[in-house]
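Examining the three-dimensional arrangement
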Amino acid sequence: MSIGKTEQKRSDQKSPESETATEAETKRGGLLGRLFGRRKGLEKTRPAPVEEMVAAALPVEQKAVFAENEASLRTQSVAEVAEEEASPALMVAAEQAGPSEPFVAVEAGTGKNRPVRSPASVVGVAEAGTMADETDAMLSGESQDAATRQAGPDAAAVQAADKKERRGFFSRLKDGLAKTRRQFVGTLDNLFYGDKEIDAEFLEELEEILLTSDLGVKTSYRLFSQIEEKISHQELENPAHLRRFLQQEIGSILARAEAPWELSPKPYVIMTIGVNGVGKTTTIGKLAAIFAQQKKKVVLGAADTFRAAAVEQLMVWAERAGVPIVKQSMGADPAAVAFDTVQSAIKRVADVVIIDTAGRLHTKVNLMDELKKIQRVLGKALPGAPHEVLLVLDANTGQNAITQAQMFHQAIGVTGLVMTKLDGTAKGGVIVGVCDELKVPVRYIGIGESLADLRRFDAGDFVEALFDKM
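This write-up is about the structure you can find in this document. Every residue gets a number counted from 1 within its own chain, in the order that chain's sequence is written. For a predicted model such as this one, the threshold for reporting local features is a pLDDT of at least 70, and the threshold for listing and counting side-chain atom pairs is 80 or more; totals across whole chains, interfaces and linings nevertheless cover every residue. Side-chain numbers here rest on the full set of heavy atoms in the structure, without hydrogens or water.

Comments concerning the overall build of the protein chain
Spelled out, the test is: Helix and strand labels come from DSSP, where a helix needs a run of H or I of at least four residues and a strand needs a run of E of at least two; each type is numbered from the N terminus. Here's how the labels work: a residue is buried when its accessible area is under 20% of the maximum for its type, exposed when over 50%, partly exposed in between, all with a 1.4 Å probe on protein chains only. The contact criterion used throughout is that any non-hydrogen atoms of two residues lie within 4.5 Å. Throughout, the Shrake-Rupley method with a 1.4 Å probe supplies accessible areas, and for residues the shown protein chains are the sole cover considered.
Secondary structure summary: the protein chain contains 18 helices and ten strands in total. Each of the 470 residues in the protein chain was classed as buried or not, and the buried ones make up 54%. Contacts spanning at least 24 positions in sequence make up 78% of the contacts within the protein chain whose residues lie at least 6 apart. About 20,600 Å² of surface is accessible on the protein chain, with carbon and sulfur atoms providing 52% of the total.

What follows is the structure, encoded as structure tokens:
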């Protein structure tokens, strides 16, 4: 079976304005009209250079090493591409991988498993070495907890370690949400401060805060309507009651987006999608490291064959996680790479397959059709795949992320979300709007650059950190 190369070409255009007021909302006039007059559009997604994305994900002490490795990877990639172009485009026939197999790039179209570094400098998942030490330093809290539980029978010590880890993560979460907390909750608290009466002027200010907080227009209106109704029934008598009500309602919205993630059946195929520059490849690398530390066999698929250095970037993360990667030359058919990756994972008896796809504008029909093709091919490679369509969103895009989520969901059918870069923006409230409108689980959130800062989403912790007193 062969799969032709795609004829679609990548677009470097930026995201257009994504949300405008509906006719009914415009006719309403008053505050809303003035507000939409001032806010004619949402910010556009701006892709970050790949070098900055990779370097940002590395610890400080590894940045010099990365620069050297990046040059080596690029030099090697040129030779590999030349060799691959001289070979027939055959499907991968990867042999069964042993538990101590070195990190390899499974070259789709050549049938070869070749080390990307010399054996002395590259280790497998079981042969820990230096790379394992580096990865261990960035373990997620859940992996550290599991290691603690296996270390000894002292339940009290385990509980103390769990509490310490939880406090540490909650502190990082508060720090990561600091800008959003100041912009949204801080503005609310300024309005609520003092002995104020809930009157028409108070409600007008509250409405403006909600509409400018990146919760999304629909979510903001729904919350404001509930507030008006409760005030009319005298259920909210003062600003303190109103603050608690908002915290509870936002908590309820986010709680519906919290769900366990069962990685079954095997291999469990995850297809990642999103627009340019949201951090898909970095998120894939971190997820691969987390799953590997959970003793799962992971295979990565480099199906982003259009962006310069995309394969090399994923190879860096694959080496750090100690997992194999299936790749082809730049410009190859991404659906073929996805097919090869699943076939390789089946032969390796892998637990998880993560497919990287090229970033694309959600408004480009031809690019969305390409995603549908990859999705269909995955289903042919393994019935039922992909088991998860994971949409990666950048919190910096604000309410534009809601439009992205809606359009990807309509075209592909999103089953899970990752919200990245919450630490670098005051627009983190967009996660509330996305959860309220899309109603799909949030799997992970990113609140920093290190591996430990990509954590499973906990609605209770998130709301508590967001509404924590400043």
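There is more to say, and it comes next.
Digging into unusual backbone geometry
Residue Ser-264 is joined to Pro-265 through a cis peptide bond whose omega torsion reads 5 degrees. Tracing the sequence through the fold places Pro-265 in the loop between helix H11 (239–255) and strand E3 (268–273). The residue after Lys-266, namely Pro-267, is reached through a cis peptide bond having omega -10 degrees. With respect to the helices and strands, Pro-267 occurs in the loop between H11 and E3. With phi around 65 degrees, Lys-295 is a residue other than glycine that occupies positive phi space. Among the secondary structure elements, Lys-295 is positioned in the loop between helix H12 (280–293) and strand E4 (298–303). Using a relative accessible area of 72% as the deciding quantity, one classes Lys-295 as exposed. In the Ramachandran plot, Lys-439 falls in the positive-phi region, its phi being about 60 degrees despite a non-glycine side chain. Here Lys-439 lies in the loop between helix H17 (430–438) and strand E9 (442–446).

Side note on the nonpolar core
Heads up, the rule is: Throughout, nonpolar core names a set of buried Ala, Val, Leu, Ile, Met, Phe, Trp, Tyr and Cys residues whose side chains join them through atoms within 4.5 Å.
The biggest cluster of nonpolar side chains holds 112 residues, and the ones touching the most others in it are Leu-206, Leu-254, Phe-291, Leu-300, Ile-354, Ile-431 and Ile-445. In terms of residues, this core owes the most to one element, H12, which gives seven residues.

Remarks on helix H18 (residues 459–466)
Stated precisely, the cut-off is as follows: N or O atoms within 3.5 Å of each other form a polar contact, as long as, within protein, one can give a hydrogen and the other can take it, and as long as residues adjacent in sequence are counted only when both atoms are side-chain atoms.
Judged by how many residues are buried, H18 sits mostly within the fold: six of eight residues are covered. Inspection of H18 places Ala-459, Asp-461, Phe-462, Val-463, Ala-465 and Leu-466 among the buried residues, and these make up the whole buried set. At the N-terminal boundary of H18, the capping side chain belongs to Asp-458, with an oxygen 3.1 Å from the backbone nitrogen of Gly-460.

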